[in-house]
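A look at the structure
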Amino acid sequence: MIYKDIAQILKVLADPSRLEILDLLSCEELCGHDLLGHFEFSQPTLSHHMKALLDSHLITMRKEGNKRIYRLNHGLMSDINQHLKDINTASTHCICHDIDKGECDS
């Protein structure tokens, strides 16, 4: 995953309602109707949030009859978490080891 991809996903995650949707999906699959019952916004607003989450691959969707069933993409969430941990840690594969140092040293 590259920085541009991570930044795009973080933009999607920057919305409190979307974070709450992800939290609701963290334990189990839910249909849109169940999600809508939890929030005090309209169905079009929920659809807007779900589209953003689907487009960023943070959730997956399958159809079951006329229902849309949503699931958290635990794999992608783990990848994002690991990349953020890597940024916060000077590991052996950190890009900080690639920088030429010495210009600022006195």
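Residues numbered from 1 in each chain as written. Predicted model: local features only at pLDDT ≥ 70, side-chain atom pairs only at ≥ 80, totals over all residues. Heavy atoms only, no water.

On to the overall build of the chain, then. Assigned secondary structure in the chain consists of 5 helices and 3 strands. When the elements of the chain are put in sequence order from the N terminus, they spell out α-α-β-α-α-β-β-α. By the burial criterion, 27% of the 106 residues in the chain qualify as buried. Of the roughly 7,700 Å² that the chain leaves accessible, carbon and sulfur atoms contribute 53%. (Helix = DSSP H or I, 4+ residues; strand = E, 2+ residues; numbered from the N terminus. Buried < 20%, exposed > 50% of the residue type's maximum accessible area, 1.4 Å probe, protein only. Areas by Shrake-Rupley, 256 points an atom, 1.4 Å probe, with all protein chains shown as cover.)

Within the secondary structure, Arg18 is located in helix α2 (residues 16–25). Among buried Asp, Glu, Lys and Arg side chains, Arg18 stands out as unpaired, with Asp15 the closest opposite charge at 4.7 Å. Ignoring sequence-local partners within four residues, the contact set of Arg18 consists of Lys11, Val12, His48, His49, Ala52 and Leu53. (Lys, Arg positive; Asp, Glu negative; His and termini not counted. Salt bridge = Lys/Arg side-chain N within 4 Å of Asp/Glu carboxyl O. Contact = heavy atoms within 4.5 Å.)

With that settled, the discussion passes to the pairing of strand β2 (residues 59–64). By the bridge criterion, 6 bridges tie β2 to strand β3 (residues 67–72) in an arrangement that is antiparallel. Looking across to β3, one finds that Met61 is bridged to Tyr70. Connecting β2 to the antiparallel partner β3 that follows it, the hairpin turn spans 2 residues, and Gly65 within it adopts a positive phi of roughly 65 degrees. (Pairing = 2+ DSSP bridges.)

For the pair α2 and helix α4 (residues 43–55), interaxial distance at closest approach is 10 Å and the crossing angle is 75 degrees. Comparing their axes, α4 and α2 come out roughly perpendicular. On α4, the residues that touch Ser17, Arg18, Ile21 and Leu22 of α2 are Leu46, His48, His49, Met50, Ala52 and Leu53. (Axes fitted to C-alpha atoms, helices over the stretch in contact; angles between N-to-C directions. Parallel < 35°, antiparallel > 145°, perpendicular 65-115°, else oblique.)

Attention shifts here to the packing of aromatic side chains. On inspection of all chains with the given rule, the structure shows 1 aromatic pair. With centroids separated by 4.6 Å and ring planes inclined at 15 degrees, the aromatic side chains of Phe39 and Phe41 adopt a geometry described as stacked. Judged by its relative accessible area of 11%, Phe39 falls in the buried class. Judged by relative accessible area, which is 21%, Phe41 ranks as partly exposed. (Phe/Tyr/Trp six-rings, centres within 6.5 Å; stacked < 30°, edge-to-face > 60°.)

With that settled, consider unusual backbone geometry. The phi angle at His57 is positive, at roughly 65 degrees, despite the residue not being glycine. For His57, the location among the structural elements is in the loop between α4 and β2.

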